[in-house]
Amino acid sequence: MEKISVGVRFRPSTSSPHSDSSRQWQISDNAISLCHLNTPISGYTFAFDHVFDESLGNAVVYRVLIKSIIDAAIDGFNGTAFAYGQTSSGKTYTMNGSEMDPGIIPLAIKDIFDTIHKTSEREFLIRVSYMEIYNEEINDLLVLESQKLPIHENLERGVYVAGIREEIVSNAEQVLQLLKLGEENRHFGETNMNARSSRSHTIFRMVIESRAKEEDSFKEDTITDAVRVSVLNLVDLAGSERIAKTGAEGVRLKEGKHINKSLMVLGNVINKLSEGGKQRGHIPYRDSKLTRILQPALGGNAKTSIICTVAPEDVHVEETRGTLQFASRAKRITNCVQVNEILTDAALLKRQKLEIEELRKKLMGSHSEVLEQVLLKQRNDMHKSELERDRLATELEEERKARYALEHRILEQEKKIENLMNLSVSAHFSSACSQKKVGERSATPDEAHFLAFDHLKTPNFKCPSIDFVVRRPSYKELESSPIPDNFADVADEDLWTRLNKGRVTDLEAFQMTPPLPVQEFPSSETSLVVPSNEELQAKNYERLEEDLHDVRKQCEALKEQYSELEEENNILKEEKIGLTDDVACLENQINQVKSEKQVVLKELKEEKRKLNDLREEVRRLITTFSQKEGMLTSLYSKSRAFVENTKTAPIAPHE
């Protein structure tokens, strides 16, 4: 566990030395206090690891804060250094510097290559990239056009920017040229507080890979399997702004909003990390692309140093206080630092490089330089092809996910349409049956009487059809005795004789019918009132009309919903066709890339074959050279012995 190293740097004051301000910042060792008439103000005192006043240059800041991180990065530790502060407080000057006073980035580049040249027991490979975050979009500063690169993450590489250009470099001058190119592509603007204000966050990244060499450079296995891979991030943040002071409008205002938002997320991440323990909770790394890229440096596996730049003027007291509070919270954060070693060939170090280097030193010919150029070109081509393959694989996976989601949505819509169609057909069939029954016949009196007592039936029983009731047959007129024209109060015998057609009946012979038991009926208050047939028919008709009206409304609503779903289904089908075409185009592109890859692989194989032929030729030359060297050595020894013998032999006198 290692805490983040934090230093505060004051830039030179721009106010006149005879200003009437009664408040000023005072530095005492590593403590900073805001004093009013030389009296410290409560709540404005801060202590840090290092404090640099305006008299100290960039070299002192680099030696105290950054030098240890650079040395650790060469040894395999991840490292990050970034400058934080308000606009016009000296962040870009601290990181980039000038010709007379180089900044942290040029000093770090020079120091890295000086250390590598002095380290003879290890072999190094360095890759650099330069990016900016402008309006929450990642742009590659080493290419001319803006690319809006995405951020990816995997177990092998961690958090990385996909599609970023990485250049393999071998000396400091090459890196400084790339740095100059990136600065030309960076976004700058003019505000009321700064004539050349940074409008984006920049991240200069160096990937340092190394392997230990063995003593015998002519063995087949000349490099050990352990490879150290470290990532060094040098970050120049854009400054926080107040619109009232900068006077930003239009594009500058939009840029300032994005800058302040990303810095606010960075402050939230610092606050969460400084809490520690169970109170920390969720850390919002993904709320900003800046914090997402710097996630390993904030509470992760990296050595981190923060340079907080502040302005000493009285008008910037509140901004300076906010920067110092940020620095106070940041110095409480701890990182888990460890050496990054891998046991695979992912470091892009080839074992043939050492052999070729040794042969180049011995032969001192042009073959080795050509071979080195070929190897460098092959490495760049292989790296570019791998990046292109990753990008195409990512796009294909996203298209597949979108296609699967669209097909799933279409299936759901088809199921809904099928259910609505079934419901609509059943409702239409029931309404048609009701209309048919009503149109065929009207209720008879017996049916009306039957319907009037429906409320007395047991519920939930199936009601029999009215057609089941047997209709009363029509009877002919019964034969009866003729009815007299008029009646009198008393019937005489002649009347009875005429009524009975002359028959004489013995009335005394008849027996009286016994009286029937009288059935008691409820009183008039509790008796049932049976409505008339016309009323029953009218009520039934009204009820059927209401039911039919409701069914028609439901059918119309279902038809409208069905038409809407049909339109949506057609739209989804069109989208599906478009996505299918896009997927087909992407697959064609992938096939083309694969074919191109096959061609490139064939070319690489051919180049490797040529390389092996060159190597065999070089070995033959070495063998021939060794043989000739041996012959020359033996010849030299013989000549030397002959000379010695000649010198020691007595010279015969001339006669």
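Computed from a prediction, not measured in an experiment: that's the story for all the values here.

**Student:** Describe the pattern of salt bridges, naming the residues involved and giving the relevant values.
**Tutor:** On inspection of all chains with the given rule, the structure shows 20 salt bridges. Glu 153 is paired through a salt bridge with Arg 292; the nearest N and O atoms lie 2.4 Å apart. Of this pair, Glu 153 sits in strand S10 (residues 151-154) while Arg 292 is found in helix H7 (residues 289-293), placing the two residues 139 residues apart along the sequence. Among the residues examined, Glu 153 registers a relative accessible area of 45% and is labelled partly exposed. The buried category is assigned to Arg 292, whose relative accessible area is 9%. In this structure, the salt-bridge partner of Glu 606 is Arg 609, at a minimum N-O distance of 2.2 Å. Note that Glu 606 and Arg 609 are positioned in helix H13 (residues 533-648) at a spacing of three residues, about one turn of the helix. For Glu 606, a relative accessible area of 32% puts it in the partly exposed group. Using a relative accessible area of 42% as the deciding quantity, one classes Arg 609 as partly exposed. Salt bridges sharing partners connect three or more residues here, namely Lys 67, Asp 71 and Asp 111.

**Student:** Requested: an account of the UniProt feature "binding site: ATP" (unreviewed entry) in the protein, with residues and values cited.
**Tutor:** In the numbering used here, UniProt assigns the "binding site: ATP" (unreviewed entry) feature to Gly 85, Gln 86, Thr 87, Ser 88, Ser 89, Gly 90, Lys 91 and Thr 92. Topologically, Thr 87 is positioned in the loop between strand S7 (79-85) and helix H2 (91-96). Excluding anything up to four places from it in sequence, Thr 87 contacts Met 193, Ser 197, Gly 239, Ser 240, Glu 241 and Thr 246. Residue classification places Thr 92 among the partly exposed positions, given a relative accessible area of 23%. Sequence-distant contacts of Thr 92, defined by excluding residues within four places in its chain, comprise Gly 97, Arg 186, Ser 198 and Asp 236.

**Student:** Describe the pairing of S7, with residues and values.
**Tutor:** For S7, the buried fraction is high: seven of the seven residues fall into the buried class. Of the two faces of S7, the one carrying Gly 79, Ala 81, Ala 83 and Gly 85 and the one carrying Thr 80, Phe 82 and Tyr 84 are both buried. In this structure, S7 lies alongside strand S17 (residues 303-310), joined through seven bridges in parallel fashion. Within S17, the position partnered with Gly 79 by the bridge is Lys 303.

**Student:** Before we move on, could you go through the confidence of the model for the protein and cite the residues and values that matter?
**Tutor:** Here the protein shows a mean pLDDT of 76. Residues at 70 or above account for 73%. This stretch, residues 447-481, has a pLDDT under 50; its non-local contacts, to residues over four places away or in other chains, come to 22 contacts. A low-confidence stretch, residues 518-528 stays under pLDDT 50, and its non-local contacts, those more than four residues away or across chains, total two contacts.

**Student:** Which residues make up the packing of helix H1 (residues 58-74) against helix H3 (residues 104-118), and what values do they have?
**Tutor:** It is the contact of H1 with H3, at a shortest axis distance of 10 Å, that shows an interaxial angle of 45 degrees. What the angle tells us is that H1 and H3 run oblique. Seen from above, H1 lies across H3 with right-handed handedness. Of the residues in H3, those in contact with Asn 58, Ala 59, Val 61, Tyr 62, Ile 66, Lys 67, Ile 70 and Ile 74 of H1 are Ile 104, Leu 107, Ala 108, Asp 111, Ile 112 and Thr 115.

**Student:** How would you explain the sheet that holds strand S5 (residues 39-47) if you had to name every residue and give the values?
**Tutor:** On the basis of which strands lie adjacent, the open sheet formed by three strands has the order S3-S4-S5 and antiparallel pairing. Strands with a single pairing partner mark the edges of an open sheet, and in this sheet they are strand S3 (23-28) and S5. Averaged over all pairs of adjacent strands, the angle between strand axes in this sheet comes to 25 degrees, irrespective of strand direction. Inspection of the sheet shows S3 paired to strand S4 (residues 31-36) by six bridges, in the antiparallel sense. Paired with Ser 28 across the two strands is Ala 31, which belongs to S4. Contacts between helix H8 (residues 317-330) and the sheet are confined to S3, S4 and S5, with S5 contributing the most and set at about 40 degrees to the helix.

**Student:** Can you tell me about the packing of H3 against helix H4 (residues 172-185), naming the residues and giving the values?
**Tutor:** A packed helix pair is summarised by two numbers, namely the angle formed by the two axes and the spacing between the axes. As a packed pair, H3 and H4 sit with axes 9 Å apart at the nearest point and diverge in direction by 155 degrees. By the angle between their directions, the pair H3 and H4 is classed as roughly antiparallel. Crossing angle aside, the handedness with which H3 passes H4 is right-handed. Residue-level inspection shows Ile 105, Pro 106, Ile 109 and Phe 113 of H3 in contact with H4, the latter providing Ala 172, Val 175, Leu 176 and Leu 179. Broken down by class, the residue content of the contact of H3 with H4 amounts to eight nonpolar, no polar and no charged.

**Student:** If you had to explain a negative patch on the surface to someone new, which residues and values would you point to?
**Tutor:** On the surface, Glu 542, Glu 545, Glu 546, Asp 547 and Asp 550 cluster together into a patch of negative charge. By secondary structure assignment, the location of Glu 542 is in helix H13.

**Student:** Would you mind going over the packing of aromatic side chains in detail, with residue names and values included?
**Tutor:** Tallied over the entire structure, the rule returns four aromatic pairs. Judged by centre distance (6.4 Å) and plane angle (20 degrees), the rings of Phe 46 and Phe 48 are stacked. Since its relative accessible area comes to 6%, Phe 48 is described here as buried. Taken together, a centroid distance of 5.5 Å and an interplanar angle of 85 degrees make the contact between Tyr 130 and Phe 204 edge-to-face. Of this pair, Tyr 130 sits in strand S8 (residues 122-134) while Phe 204 is found in strand S15 (residues 201-213), placing the two residues 74 residues apart along the sequence. A relative accessible area of 1% means that Tyr 130 is categorised as buried. Directly above the aromatic system of Phe 188 lies the positively charged group of Arg 196, at a separation of 3.6 Å from the ring centroid. Between the NZ or CZ atom of Lys 303 and the centre of the ring of Phe 77, over which it lies, the distance is 5.5 Å.

**Student:** Can you tell me about H1, naming the residues and giving the values?
**Tutor:** Where H1 bends most, at Ile 66, the angle is about 55 degrees. Considered for burial, the residues of H1 that qualify are Asn 58, Val 61, Tyr 62, Leu 65, Ile 66, Ile 69, Ile 70, Ala 72, Ala 73 and Ile 74. Backbone geometry just downstream of H1 places Gly 76 in the positive-phi region, at approximately 110 degrees.

**Student:** I'd like a description of a positive patch on the surface, backed by residues and values.
**Tutor:** On the surface, Arg 389, Arg 400, Lys 594 and Lys 597 cluster together into a positively charged patch. Mapped by element, the contributors of at least two residues to the positive patch are helix H10 (366-440) and H13. Among the structural elements, Lys 597 can be located in helix H13. Judged by its relative accessible area of 35%, Lys 597 falls in the partly exposed class.

How each quantity is defined
- Residues numbered from 1 in each chain as written.
- Predicted model: local features only at pLDDT ≥ 70, side-chain atom pairs only at ≥ 80, totals over all residues.
- Heavy atoms only, no water.
- Salt bridge = Lys/Arg side-chain N within 4 Å of Asp/Glu carboxyl O.
- Helix = DSSP H or I, 4+ residues; strand = E, 2+ residues; numbered from the N terminus.
- Buried < 20%, exposed > 50% of the residue type's maximum accessible area, 1.4 Å probe, protein only.
- UniProt positions renumbered as here; feature names shortened; annotations may be inferred.
- Contact = heavy atoms within 4.5 Å.
- Pairing = 2+ DSSP bridges.
- pLDDT = per-residue confidence, 0-100.
- Axes fitted to C-alpha atoms, helices over the stretch in contact; angles between N-to-C directions.
- Parallel < 35°, antiparallel > 145°, perpendicular 65-115°, else oblique.
- Left-handed = near helix turned anticlockwise from the far one by under 90°.
- Nonpolar A, V, L, I, M, F, W, Y, C, P; charged D, E, K, R; others polar.
- Patch = residues over 30% accessible without salt bridge, like charges linked within 9 Å, V, L, I, M, F, W, Y side chains within 5 Å.
- Areas by Shrake-Rupley, 256 points an atom, 1.4 Å probe, with all protein chains shown as cover.
- Lys, Arg positive; Asp, Glu negative; His and termini not counted.
- Charge placed at Lys NZ, Arg CZ, Asp CG, Glu CD.
- Phe/Tyr/Trp six-rings, centres within 6.5 Å; stacked < 30°, edge-to-face > 60°.
- Lys NZ or Arg CZ within 6 Å of the ring centre and 35° of its normal.
- Bend = angle between axes of the 7 residues up to and from the residue.

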